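# Observations on the model geometry
Each chain, letter by letter, is given below.
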Amino acid sequence: MKKINLRELYPDIYTTDFFVDVTEEVMETIRAAERAEAAYERKMYRYKAQYSLDCENGIENAVLLKPQTPEMLLEEKQFQEQVYAAVMKLPEKQAKRIYARYYLGMTVNEIAGVEGVDQSRVRDSIRRGLKQLVKYF
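Calculation rules
- Residues numbered from 1 in each chain as written.
- Predicted model: local features only at pLDDT ≥ 70, side-chain atom pairs only at ≥ 80, totals over all residues.
- Heavy atoms only, no water.
- Helix = DSSP H or I, 4+ residues; strand = E, 2+ residues; numbered from the N terminus.
- Expected span 1.5 Å × (residues − 1).
- Buried < 20%, exposed > 50% of the residue type's maximum accessible area, 1.4 Å probe, protein only.
- Contact = heavy atoms within 4.5 Å.
- Polar contact = N/O pair within 3.5 Å; in protein donor to acceptor, adjacent residues only side chain to side chain.

Side chains of residues three or four places apart in an α-helix project in the same direction, reflecting 3.6 residues per turn. Between its terminal C-alpha atoms helix α5 (residues 92–103) stretches 15 Å, which fits the 16 Å expected from twelve residues at 1.5 Å a residue. Those residues of α5 not exposed but buried are Gln-94, Ala-95, Arg-97, Ile-98 and Ala-100. Those residues of α5 hidden inside the fold are in contact with α4 (70–88), α6 (108–115) and α7 (119–136). Gly-105 lies just past α5 and shows a positive phi near 75 degrees.

Below, the structure written as structure tokens:
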């Protein structure tokens, strides 16, 4: 049996020290709850969250991910088309490699393996192509 002070657990209810004997199981449950609360507080601090991270009913997603209006969808589609057109204006190798990397989701290693070249060449080519795209936009 362990002795706990209820004033530490419930400071709003117990204004003076009130000691109670509890079993090991109860003590472990209290410790587990304290660890879970501490982990939650760290998560809130780490992610700078001012809302519940545990809610499963989609409230946070509704707040964070606002439903897109038709205008927003149209603007996004037009922007994607502009980016695609700009990628296709790059030199052929750069365009192929950027397309494979960002549109098809291939890794640099996979692209290098398919083309039979060194990974550094693919990486440098993609980097140069991205720099040209930044200048374009």
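Moving on, we come to the environment of Ser-120. Locating Ser-120 in the fold gives a position in helix α7. Note on Ser-120: relative accessible area 30%, which makes it partly exposed. Once the C-alpha coordinates of Ser-120 and Val-108 are considered, the two residues, twelve residues apart in sequence, prove to be 8.7 Å apart. At a separation of 2.6 Å, a polar atom in the side chain of Ser-120 contacts the side chain of Asp-118.

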